[in-house]
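# Per-entry structural report
Now for the letters of each chain:
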Amino acid sequence: MNQVDYLRISLIDRCNFRCQYCMPEGAELDYILKQNLLTDEELLTLIEEVFIPVGFTRFRLTGGEPLLRPRVVELVRAIASFPQTQDLSMTTNGFLLAPMAQSLYDVGLRRINISLDSLDPDIFDQIIGNRGRSHWQDVWNGIQAAYRVGFDPLKLNVVVIPNVNDHEVLDLAALTIDKQWHVRFIEFMPIGNAQLFGDRGWISSQELRQSIRARWGLTESKVRGSGPADVFQIPRAKGTLGFISQMSECFCDRCNRMRLSADGWLRPCLLNETGQIDLKTALRAGISTAELREQVRELLALKPEINFKQRFAGTRTGAYTRTMSQIGG
């Protein structure tokens, strides 16, 4: 496996959207009480005294929706200021981004991923569970603001859901032709959404690539990420197309990440719940950060076995106690 040096940090489990694949319609979600969230001080202590010393140098802030976290700009500033922080990025739904993009960039955020599952406002609102005023334009404004500010790369995440937005794949891919935008197609996953997944299923990345190749041609890109995406490019396009194929292809050997939930659970593998550590409870109980470092080191040593041998433990049984929004994506 790759060296595990990348930590996805959920700042909050709440979200102002309720996307079908992340927070299933009709599901009753028990949001984390404020007092059970990691405080800013606790999170920064864990980063500085536990995660950085064991080799983590790259951090992505997620949610729920991370821009709902109070004082998020100050938190970004603090994480970016650690000398060992080599990369700091964020995944957001973009709804609140337009007025915050410049401030986030000014304090050290340089890379951003924005969810954009449809170019059709009606389909977009269907996916995000919105029944009021359309939110599509607010998200589009956030994307444009991030582009003007200078976020590079600017990535757009698309979860492809059969019979919902799969007919838009070519239109979404075309966004990469004239702008240095990077569109990432993500295979729909059965995590906390078993009913919808069972009804819809998923479409393989290979099938998506075939349709794009038939329209424009497709070549492997010289731009390579360090994550699980296979990167391609429409000939002469300014941006790239990434394909994240967690259902059709095992990329455990390329996994370089762990996930920290908003309430302090460290999760070594997205696809199952094996080996999690409750760092917040330990920290509040007075366990030293030196001891927590050793626990994380032990989990890092076990991660290859968890990834390879227990990869489908959750997807086979649907036994996930948390939805994607509660895990942190």
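Just above sits the structure.
Residue numbering note: each chain is counted from 1, following its sequence as written. With the structure being a predicted model, the display of local features is reserved for residues of pLDDT at least 70 and the display and counting of side-chain atom pairs for 80 or more, all residues being used for whole-chain, interface and lining totals. Water and hydrogen atoms were dropped before computing side-chain values, which therefore reflect all heavy atoms in the structure.

### Things to note about the nonpolar core
Selection rule: Here, nonpolar core refers to any group of buried Ala, Val, Leu, Ile, Met, Phe, Trp, Tyr and Cys residues whose side-chain atoms link them within 4.5 Å. Note on exposure labels: buried denotes an accessible area under 20% of the residue type's maximum, exposed denotes more than 50%, and partly exposed covers the range between, all computed with a 1.4 Å probe on protein chains only. In DSSP terms, a helix is any run of H or I states spanning at least four residues, a strand is any run of E spanning at least two, and both are numbered starting from the N terminus. When checking whether two residues touch, look at their non-hydrogen atoms; a contact exists if any pair is within 4.5 Å.
Of all hydrophobic cores here, the largest spans 96 residues; its most connected members are Phe56, Leu104, Leu116, Phe185 and Leu266. Counting residues per element, this core draws most heavily on helix H5 (residues 136-149), which supplies seven residues. When sequence neighbours within four positions are dropped, the list of residues in contact with phenylalanine 185 reads Val158, Val160, Val169, Leu172, Ala173, Leu208, Ile212, Leu241, Gly242, Phe243 and Ile244.

### Here's the deal with the side chain of arginine 60
Selection rule: In this charge count, Lys and Arg are treated as positive and Asp and Glu as negative; neither His nor the chain ends contribute. Each salt bridge in this description consists of a side-chain nitrogen of Lys or Arg and a carboxyl oxygen of Asp or Glu lying within 4 Å of one another. Identification of polar contacts relies on pairs of N or O atoms within 3.5 Å, with a donor-acceptor requirement for protein atoms, meaning one able to donate a hydrogen and the other able to accept it, and with residues adjacent in sequence counted only if both atoms are side-chain atoms.
Structurally, arginine 60 is set in strand S2 (residues 58-62). In this structure arginine 60 is buried but unpaired, with aspartate 87 as the nearest side chain of opposite charge at 5.9 Å. A polar contact of 3.0 Å, which involves the side chain of arginine 60, links it to the backbone oxygen of methionine 90. The residues contacting arginine 60, other than those within four sequence positions of it, are Tyr6, Leu7, Arg8, Ile9, Ser89, Met90, Thr91, Arg111 and Asn113.

### Remarks on the pairing of strand S6 (residues 181-187)
Rules: Whether two strands pair comes down to DSSP finding at least two bridges between them.
Counting buried positions along S6 yields seven of seven residues, so the element is predominantly enclosed. Alternating positions in S6 separate into two faces, Trp181, Val183, Phe185 and Glu187 on one and His182, Arg184 and Ile186 on the other, with burial throughout. Pairing between strand S5 (residues 154-160) and S6: seven bridges, direction parallel. Residue valine 159 lies in a different strand from S6, and its bridge partner there is isoleucine 186.

### As for the pattern of salt bridges
Enumeration according to the criterion identifies ten salt bridges in this entry. Between aspartate 40 and arginine 69 there is a salt bridge, with its nearest N and O atoms 2.6 Å apart. With aspartate 40 in helix H1 (residues 40-51) and arginine 69 in the loop between S2 and helix H2 (72-81), this pair connects stretches of sequence that are 29 residues apart. Note on aspartate 40: relative accessible area 18%, which makes it buried. On the basis of relative accessible area, arginine 69 is assigned to the buried category, the value being 8%. In this structure, the salt-bridge partner of glutamate 294 is arginine 297, at a minimum N-O distance of 2.6 Å. Of this pair, glutamate 294 and arginine 297 both sit in helix H11 (residues 289-309), separated by three residues, roughly a single helical turn. By relative accessible area, glutamate 294 is classed as partly exposed at 39%. Residue arginine 297 is classed as partly exposed on the basis of its relative accessible area, which comes to 35%. Each of the salt bridges in this network shares a partner with another, and the network as a whole consists of Asp40, Arg69 and Arg71.

### Concerning the packing of H1 against H2
What counts, and what does not: To define axes, lines are fitted to C-alpha atoms, for helices over the stretch in contact only, and angles between the resulting N-to-C directions are given on a 0 to 180 degree scale. An angle counts as roughly parallel when it lies under 35 degrees, as roughly antiparallel when it exceeds 145, as roughly perpendicular when it falls between 65 and 115, and as oblique in every other case. Helix crossings are classified by the rotation of the near helix relative to the far one: an anticlockwise turn of less than a right angle makes the crossing left-handed, while a clockwise turn makes it right-handed. Note on residue categories: nonpolar means Ala, Val, Leu, Ile, Met, Phe, Trp, Tyr, Cys or Pro, charged means Asp, Glu, Lys or Arg, and polar means any other residue, Gly included.
Contact geometry of H1 with H2 gives a least axis separation of 11 Å together with a crossing angle of 20°. Comparing their axes, H2 and H1 come out roughly parallel. Remark: the crossing between H1 and H2 carries right-handed chirality. Of the residues in H2, those in contact with Asp40, Leu43, Leu44 and Ile47 of H1 are Leu75, Ala78 and Ile79. Classifying every residue of the contact of H1 with H2 gives six nonpolar, no polar and one charged.

### Describing the sheet that holds S6
The strand order across the open sheet built from twelve strands is S7-S8-S9-S6-S5-S4-S3-S2-S1-S10-S11-S12, with neighbouring strands paired in mixed fashion. Each of the sheet's edge strands pairs with one partner strand only, and the pair in question is strand S7 (219-220) and strand S12 (277-278). The strands touched by H5 within the sheet are strand S4 (111-115), S5 and S6, with S4 carrying the most contacts at an inclination of about 165°.

### Regarding the packing of aromatic side chains
Spelled out, the test is: When two rings of Phe, Tyr or Trp (its six-membered ring) have centres within 6.5 Å they constitute a pair, described as stacked for plane angles under 30 degrees, edge-to-face for angles over 60, and tilted for the intermediate range. Two conditions define a charge sitting above a ring: the NZ of Lys or the CZ of Arg must be within 6 Å of the ring centre, and it must be within 35 degrees of the ring normal.
Here the structure, examined in full by the defined rule, presents nine aromatic pairs. With 5.8 Å between their ring centres and 55° between their planes, phenylalanine 17 and phenylalanine 95 make a pair best called tilted. Taken together, the residues span a long stretch of sequence, with phenylalanine 17 in the loop between strand S1 (6-10) and H1 and phenylalanine 95 in the loop between strand S3 (87-92) and helix H3 (101-106) at a distance of 78 residues. In this structure phenylalanine 17 comes out as buried when scored by relative accessible area, which is 5%. Overall, the relative accessible area of 21% leaves phenylalanine 95 in the partly exposed class. Where tryptophan 140 meets tryptophan 181, the ring centres are 5.8 Å apart and the plane angle is 75°; that geometry is what we call edge-to-face. Within this pair, whereas tryptophan 140 is found in helix H5, its partner tryptophan 181 is found in strand S6, the two being separated by 41 residues in sequence. Within the aromatic cluster, the residues linked to one another by ring pairs are Trp136, Trp140, Tyr147 and Trp181. A cation over an aromatic ring shows up here: arginine 110 above the ring of tyrosine 105, its NZ or CZ 3.9 Å from the ring centre.

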